[in-house]
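If you want the building blocks of each chain, they are given just below.
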Amino acid sequence: MKIVILCGGKGTRLREETEYRPKPMVPIGNRPILWHIMKTYAAYGHNDFILCLGYKGEMIKEYFRNYLWNTCDVTLRLGREPAAEFHDGHAEEDWRVTLADTGENSMTAHRVKQIQRFIPAGETFLLTYGDGLATIDINASIAAHQASGKACTISAVHPAGRFGELRIQDDGSILTFSEKPQFEEAHVNGGYMVCSYKLFDYLPDDPMIMLERQPMEKLVQDGQLHAYRHKGFWQPMDTYQESQYLNQLWNDGIAPWKIWP
């Protein structure tokens, strides 16, 4: 099953990092967040990736083109017969990565529409964003999607609270104060979607259309959008503070999304 990852946005809310690189290349530890997302899918047995490139996409191409140089120690022999010896293999040798240029200014629906040619007709595929980490059970979400018979299943998650939470009486008295609740009550689309091929019928060939607007609304109207509820860890990387938080989890050895050896 192919995994489509949206990697083309400009990440303006993370300007401290994205001025210099695309958001999926912002590091968590010594690897890009994109690598962590791909490792999550690979841990569930899915390793055929399609990356929808846009803003500074050449940096993602360069990373994978020189993957051994970026991930291994190397010994060079110089002179008339130069050679490179790479040390320490890596666990990504069975990955297949398609790097698709989907336009610098395309919106999400158009990016997905453009990679339709890489998905065999009638085949289900996986779809997510290149800036969020989670402990979602990928194979369980696939099973839920198949049981639903619908065009698209999203992972519905509770976002972490970003603001102080107050419970206030009618007279203005505060009953409780919580600096930052661990989770908000509402569900949001956490990505990690499972899509039937018929999703492409909902995607117009228009670079200004966002997947999360008209296509999703039409899926709801047609009864073709399903939710797989995830109650565990989910964390986007929209801000510099969130990138620092993810790095702290990784550096402290307590990253909940690390399910690979």
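Draft legend 1. A look at the nonpolar core. Ile 5, Leu 51 and Trp 257 are the most contacted members of the largest nonpolar core, which has 41 residues in total. Among the secondary structure elements, those contributing two or more residues to this core are β1 (2-7), α2 (33-43), β4 (48-53), α3 (57-65), β9 (132-134), α6 (138-148) and α8 (240-251). The element best represented in this core is α2, accounting for six residues. Here Trp 257 is in contact with Ile 28, His 36, Thr 40, Leu 133, Ala 134, Thr 135, Phe 233, Leu 246, Leu 249 and Trp 250, once residues within four sequence places are set aside.

Draft legend 2. Spotlight on the packing of aromatic side chains. Under the defined criterion, the tally for this structure stands at twelve aromatic pairs. Between Tyr 41 and Tyr 192, the ring centres sit 5.6 Å apart and the planes meet at 20°, which makes this aromatic pair stacked. Taken as a pair, Tyr 41 in helix α2 and Tyr 192 in the loop between β13 (188-189) and β14 (193-195) lie far apart in primary sequence, 151 residues in all. Across this residue pair, the class does not change: Tyr 41 and Tyr 192 are buried.

Draft legend 3. Quick look at α6. Turning to α6, its buried residues number three or more, namely Ile 138, Ser 141, Ile 142, Ala 144 and His 145. End-on view of α6: buried residues confined to an arc of 165°, all on one side of the axis. Facing away from the buried surface of α6 by more than 90 degrees, the exposed residues are Gln 146 and Ala 147. Those residues of α6 that are buried lie in contact with α2, β8 (125-129), β10 (152-157), β14 and β15 (225-230). Between a side-chain oxygen at the N-terminus of α6 and the backbone nitrogen of Asn 139 the separation is 3.2 Å; the capping residue is Asp 137. Directly after α6, the chain includes Gly 149, whose backbone phi takes a positive value near 70°.

Cut-offs used in this document
- Per chain, residues are indexed from 1 in the order of the written sequence.
- For a predicted model such as this one, the threshold for reporting local features is a pLDDT of at least 70, and the threshold for listing and counting side-chain atom pairs is 80 or more; totals across whole chains, interfaces and linings nevertheless cover every residue.
- Only heavy atoms go into the side-chain values, all of them from the structure, while hydrogens and water stay out.
- What we call a nonpolar core is a set of buried Ala, Val, Leu, Ile, Met, Phe, Trp, Tyr and Cys residues that are connected through their side-chain atoms within 4.5 Å.
- Burial classification: accessible surface area is computed with a 1.4 Å probe over protein chains only, and a residue below 20% of its type maximum counts as buried, one above 50% as exposed, and the rest as partly exposed.
- Helix and strand definitions follow DSSP, with helices as H or I runs of at least four residues and strands as E runs of at least two, each counted in order from the N terminus.
- Between two residues, a contact is recorded if the distance between any of their heavy atoms is within 4.5 Å.
- By convention, a stacked pair of Phe, Tyr or Trp rings (six-membered ring in the case of Trp) has centres within 6.5 Å and planes under 30 degrees apart, an edge-to-face pair has planes over 60 apart, and any other such pair is tilted.
- The arc under discussion is defined with respect to the helix axis, by the directions toward the C-beta atoms.
- Here a polar contact means two N or O atoms within 3.5 Å. Within protein one must be a hydrogen donor candidate and the other an acceptor candidate, and residues neighboring in sequence count only if both atoms are side-chain atoms.

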